[in-house]
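# Residue-level structure breakdown
Listed below are the residues making up each chain.
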Amino acid sequence: MSRGWKTAVVVVASAGIVSTPLFWLLDKPDTGQLVGASVQSAVGIVALLWALFQRPAAPGPSDAAIDTGRAEATDGGTAGTGIRRRGGGHGSARAERTGDATASGPGSAAGSGIDYS
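Read on for a plain summary of the structure. Predicted, not measured: the structure shown is a model, and the values here were computed from it.

## Focus: a nonpolar patch on the surface
The grouping of Ile45, Leu49, Leu52 and Phe53 at the surface amounts to a nonpolar patch, some 420 Å² of accessible area in total. Its location among the elements puts Leu52 in helix 2 (residues 31-52). Judged by relative accessible area, Leu52 falls into the partly exposed class, the value being 48%.

So, in structure tokens, the structure goes:
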């Protein structure tokens, strides 16, 4: 849930919770009004709790490398079977069951998993 939506839900839920006692202060409520105000208050409390327990969305992209194959690098080449993020990147990255990565020859490199270089 984005921060804007969370703020909107908290504000509306709080308004519902706070406005409920106004029914009781303005006039003597009958049974129907009392039940309606109680339901309004309960819904406001549930919405408030729901919004407060929502986790913020992960910023940036979400990358995944799953069940990748084998990669081989020779004579200065680079082989990777996972995810490469130069400088770390943003967002989440996940690598599961990546394949073998091998390198042979001078200047060759291989990586399996998540590479932040």
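We are not done yet, so read on.
## Some details on the environment of Val10
For Val10, the position within the fold is in helix 1 (residues 3-26). By relative accessible area, which is 23% here, Val10 ends up partly exposed. Not counting residues up to four positions away in its chain, the partners in contact with Val10 are Leu48, Ala51 and Leu52.

Definitions and cut-offs
- Residues numbered from 1 in each chain as written.
- Predicted model: local features only at pLDDT ≥ 70, side-chain atom pairs only at ≥ 80, totals over all residues.
- Heavy atoms only, no water.
- Patch = residues over 30% accessible without salt bridge, like charges linked within 9 Å, V, L, I, M, F, W, Y side chains within 5 Å.
- Areas by Shrake-Rupley, 256 points an atom, 1.4 Å probe, with all protein chains shown as cover.
- Salt bridge = Lys/Arg side-chain N within 4 Å of Asp/Glu carboxyl O.
- Helix = DSSP H or I, 4+ residues; strand = E, 2+ residues; numbered from the N terminus.
- Buried < 20%, exposed > 50% of the residue type's maximum accessible area, 1.4 Å probe, protein only.
- Contact = heavy atoms within 4.5 Å.

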